[in-house]
Amino acid sequence: MFTIGQIQEAHSKVKSGSDFPRYIQDLKKMGVVYYHTFVGDGHSDYFGADDFKTSSPGKYSALPIADTIQNDQFKADLKAHQQGQTDYLTFCSDCAKSGVDSWTVRMDEMTCTYYSKSGIEMLVEQVPG
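Below, the structure is looked at part by part. What you are looking at is a predicted structure, and each value in this text was computed from that prediction instead of being measured. (Residues numbered from 1 in each chain as written. Predicted model: local features only at pLDDT ≥ 70, side-chain atom pairs only at ≥ 80, totals over all residues. Heavy atoms only, no water.)

1. A look at the overall build of the chain
Then step 1. A tally of helices and strands in the chain yields four helices and six strands.
Then step 2. Shown N-terminal to C-terminal, the secondary structure of the chain runs as helices and strands in the order α-α-β-β-β-α-α-β-β-β.
Then step 3. Against the compact-globule benchmark of 14 Å for 129 residues, the chain has a radius of gyration of 14 Å, which places it among compact chains.
Then step 4. On the principal axes, the C-alpha backbone points of the chain span a range of 40 × 25 × 25 Å.
Then step 5. Within the chain, buried positions represent 43% of all 129 residues.
Then step 6. Counting every atom, the chain has about 6,800 Å² of accessible surface; 50% of that belongs to carbon and sulfur.
Then step 7. Distance between charge centres in the chain, computed from 12 positive and 17 negative side chains, equals 5 Å. (Helix = DSSP H or I, 4+ residues; strand = E, 2+ residues; numbered from the N terminus. Rg over C-alpha atoms; globule rule 2.2 N^0.38 Å. Buried < 20%, exposed > 50% of the residue type's maximum accessible area, 1.4 Å probe, protein only. Areas by Shrake-Rupley, 256 points an atom, 1.4 Å probe, with all protein chains shown as cover. Lys, Arg positive; Asp, Glu negative; His and termini not counted. Charge placed at Lys NZ, Arg CZ, Asp CG, Glu CD.)

This is the structure in structure tokens:
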């Protein structure tokens, strides 16, 4: 299976949202089936075949997640991030301010789904090839 070290190595190549599709391809090659990232501290749970699971440590100090969903602002911040205009920490901070609590990336569907604190799906996106 894969290790957090291998995942961190792949993630180290990501400088902005524009690098995300390649990162997903790298994880897929490692055997990651899906992962769930928590905006609050940036930790992720990674899942593989046969119920394999490993978790990364938090990446930054706790961010308070807004109770009110700001979907339009979130979509604007996401677009800016995908165009390489913001780094990962800025994107996570923007997510928290817009009420994004977490996201799940599914390798089989090549989707990224963003969730509010109450579990509402805020956006489902196709991950480019």
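2. Side note on the state of the cysteines
Then step 1. Counted according to the given criterion, the structure contains zero disulfides.
Then step 2. We note that Cys-92 lacks a disulfide partner, and the nearest cysteine sulfur, in Cys-95, lies 5.9 Å from it.
Then step 3. What makes Cys-92 buried here is its relative accessible area of 0%. (Disulfide = S-S within 2.5 Å.)

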